[in-house]
Amino acid sequence: AVTALPGFLSVASETVGDLESSGKSALHLFGVYDGHGGSEVANFCKERLHGALIEELEAEMREGDRGEDECSWQRQWERAFVACFNKVDAEIGGVEPRNLRCENAAVEVGGRGNDESSARAAPEAAPADAVGSTAVVAVVGSSQIIVSNCGDS
């Protein structure tokens with residue numbers, strides 16, 4: 001399953017590491033979900049993952065500065081993606097998100113000046129017996145590309 005959501009979220013420019021401009025940055029989301037054992041979980045991810053990401057990113061922004069250095073926006077995205085993957089995994093499996101860890105979650109950030117590599121109602125949970133999905137998601141802004149994956153994709 002594939003997702004392409006132009007303008008899925010508008011955030012403060014510093015949220016994506018653009019410290020030179022003020023105001024809002026439009027972000028675009030692209031996702032590829034590789035279902036195994038059927039397409040149900042991949043389709044669930046297609047419909048739900050971006051909403052979960054918005055929820056988790058908004059939670060990160062509410063918590064504010066944790067006394068981190070100038071790269072704190074990158075850590076916010078890392079925490080938001082890991083929490084997002086955990087949340088969707090829990091929704092599929094019918095368990096509490098705080099009890100899960102996405103062991104293979106990774107986030108990479110790249111773009112100008114960086115040397116380091118609409119919340120919707122959740123659709124019905126997909127059956128979790130012997131099915132699953134990996135995910136590769138890219139959030140593209142005017143100055144950064146943030147890529148994350150979960151699973152073996």
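Predicted model only: the values in this text are computed from it and were never measured.

Within the fold, H50 resides in helix α1 (residues 40-63). On the basis of relative accessibility, which here comes to 3%, the residue H50 falls in the buried class. In this structure, the C-alpha to C-alpha distance between H50 and F30, residues 20 residues apart in sequence, is 9.2 Å.

Another aspect to go through is the packing of α1 against helix α2 (residues 72-93). Packing of α1 against α2 leaves a shortest axis separation of 8 Å and a crossing angle of 135°. In terms of axis orientation, α1 runs oblique to α2. Handedness of the α1/α2 crossing: right-handed. Packed against α1, whose contacting residues are V41, F44, C45, R48, L49, A52, L53, E55, E56, L57, E60 and M61, the element α2 presents Q76, W77, R79, A80, F81, A83, C84, F85, K87, V88, E91 and I92 at the interface. Grouping the constituent residues of the contact of α1 with α2 by class yields 16 nonpolar, one polar and seven charged.

The subject of this paragraph is α1. Between its first and last C-alpha, α1 extends 34 Å over 24 residues, near the 34 Å set by a 1.5 Å rise per residue. At R48, α1 shows its largest bend, some 45°.

Formed by 29 residues in total, the largest nonpolar core has its most connected members in F8, Y33, L53, W77, F81 and V139. Going through the elements one at a time, β1 (2-12), β2 (24-36), α1, α2, β4 (132-140) and β5 (144-150) are the ones with two or more residues in this core. Ranked by the residues each element gives to this core, the list is headed by α1, at nine residues.

Rules and cut-offs
Residues numbered from 1 in each chain as written. Predicted model: local features only at pLDDT ≥ 70, side-chain atom pairs only at ≥ 80, totals over all residues. Heavy atoms only, no water. Helix = DSSP H or I, 4+ residues; strand = E, 2+ residues; numbered from the N terminus. Buried < 20%, exposed > 50% of the residue type's maximum accessible area, 1.4 Å probe, protein only. Axes fitted to C-alpha atoms, helices over the stretch in contact; angles between N-to-C directions. Parallel < 35°, antiparallel > 145°, perpendicular 65-115°, else oblique. Left-handed = near helix turned anticlockwise from the far one by under 90°. Contact = heavy atoms within 4.5 Å. Nonpolar A, V, L, I, M, F, W, Y, C, P; charged D, E, K, R; others polar. Expected span 1.5 Å × (residues − 1). Bend = angle between axes of the 7 residues up to and from the residue. Core = buried A, V, L, I, M, F, W, Y, C linked by side-chain atoms within 4.5 Å.

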